[in-house]
Amino acid sequence: MILKNLKLKNFRNHRSASFGLFSTTIIIGPNTAGKTNILEAINILSRGKSFRAEHDKDTICEGAEFTRIEAEIDYENEKIKLAVIFSNTNNYLSKKFLVNNVPKRLSDFASKFTSVLFTPHDIEIIATSPSLRRRYIDSILYQSDKKYRIAFSLYEKALKRRNRMLYDMREGKKQYKRADFEYFEKILIEQGSILTSKREEFVDFVNERNKEIFDFVLFYDKSEMSEARLFKYHFEEQAAGITLVGPQRDDFIFYFPKTKKVIREFGSRGEERLTIFQLKVLEVNYLLRATGHIPVLLLDDIFSELDDTNIHKVFDLLPDQQTILTTTHREFIPKKILNREEVSIIEL
Ligand SMILES: Nc1ncnc2c1ncn2[C@@H]1O[C@H](COP(=O)(O)OP(=O)(O)OP(=O)(O)O)[C@@H](O)[C@H]1O
Ligand SMILES: [Mg+2]
């Protein structure tokens, strides 16, 4: 799978831009030139939303009403055109996903094109909040599994409704019957169990694989959504006015295998960084196994994060795949990469 070209219209600081992409593409430019923005746009083609925008509308160029990302993807025996359009009218964001100009639901669009992104901020996956770790795991499963995408969106909608009901009851705004709750709880239990089992499957995959860069264990601290647990937390939920059990409360903890100590608490920054790189290598392999295609690798500014030995380790471990890298200085790029067979350089 190769991303042949990319066209951006009103995407962040790129008002109108078009890029041809080779099997190795290096984007060079000073700070704020728009390098990360290009990788962000490519990554949106994989999962329909931005990895870094709080709201997807933030990706629309200041002053514009819409943004469009278009790309051509070459498979071994097929070519497809993908497009994502975000439009913001009257503060309402609409999203369109097109495959060969035909509109698709996001659940049918995502995973046509898969990508794995490394950014210097990824270290926060380990160090900060559970929500970031859930978002990270979701971003993988969202690309790899249609059943997950569907379950995710049904679960999210039902959760919102149930939370609203709990809140209204607590505030004395409205009363609901048990049957009203049951309707949404049935959805939450059914779809929640799909989310839990797919997350579990990913964690098992990570734990079973060899880790050549850095050894760690991933523990799935799951919050199951079940009738029994909803019953158990009934009074707490009424008092809190929010749903307290379910995958929206899951966490994932990285451990050192020998000492069983938590990497977030005991690891050095270098160890956290290596854990993330190892995880990303496993992510590439997971997506390959799930979709049959090697994902495109998007490496944002990694030369500032890793030393030479580890850069080589990462490159040696990854399957032969299209790689799009960014850097501020040409000198940072290892010779081994510059001397690859098909290299294109985009200067911003
Ligand atoms: N919606 C938007 N409209 C216009 N410009 C935007 C928008 N969102 C972000 N920008 C601008 O895009 C510019 C480029 O951002 P980007 O993060 O891609 O830079 P970069 O080349 O990766 O820089 P660095 O080397 O510092 O990481 C920034 O100056 C930012 O303010
Ligand atoms: Mg950047």
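Owing to the predicted nature of the structure, the values given are computational and were not obtained by experimental measurement.

1. Thoughts on helix α4 (residues 130–144)
Here comes step 1: The first and last C-alpha atoms of α4 sit 21 Å apart over 15 residues, in line with the 21 Å expected at 1.5 Å per residue.
Here comes step 2: By the criterion of burial, α4 is predominantly enclosed, with eleven of the 15 residues buried.
Here comes step 3: For α4, the complete set of buried residues consists of R133, R134, Y136, I137, D138, S139, I140, L141, Y142, Q143 and S144.

2. Observations concerning the pattern of salt bridges
Here comes step 1: For the structure shown, the criterion picks out 19 salt bridges.
Here comes step 2: Linking K95 and D56 is a salt bridge whose minimum nitrogen-to-oxygen distance equals 2.5 Å. Highlighted residues: K95 in strand β6 (residues 92–99) and D56 in the loop between α1 (35–47) and β4 (66–74), separated in sequence by 39 residues.
Here comes step 3: D168 is paired through a salt bridge with R164; the nearest N and O atoms lie 3.4 Å apart. Here R164 and D168 lie together in helix α5 (residues 146–170), a separation of four residues that amounts to about one turn.
Here comes step 4: On the basis of relative accessibility, which here comes to 45%, the residue R164 falls in the partly exposed class.
Here comes step 5: What you see here is one network of salt bridges that share partners, running through R162, R178, E182, E185 and E237.

3. Describing the environment of Y286
Here comes step 1: Here Y286 lies in helix α10 (residues 269–291).
Here comes step 2: Taking the relative accessible area as the measure of exposure, Y286 reaches 4% and is therefore buried.

Cut-offs used in this document
- Residues numbered from 1 in each chain as written.
- Chains lettered and ligands numbered in written order.
- Predicted model: local features only at pLDDT ≥ 70, side-chain atom pairs only at ≥ 80, totals over all residues.
- Heavy atoms only, no water.
- Helix = DSSP H or I, 4+ residues; strand = E, 2+ residues; numbered from the N terminus.
- Expected span 1.5 Å × (residues − 1).
- Buried < 20%, exposed > 50% of the residue type's maximum accessible area, 1.4 Å probe, protein only.
- Salt bridge = Lys/Arg side-chain N within 4 Å of Asp/Glu carboxyl O.

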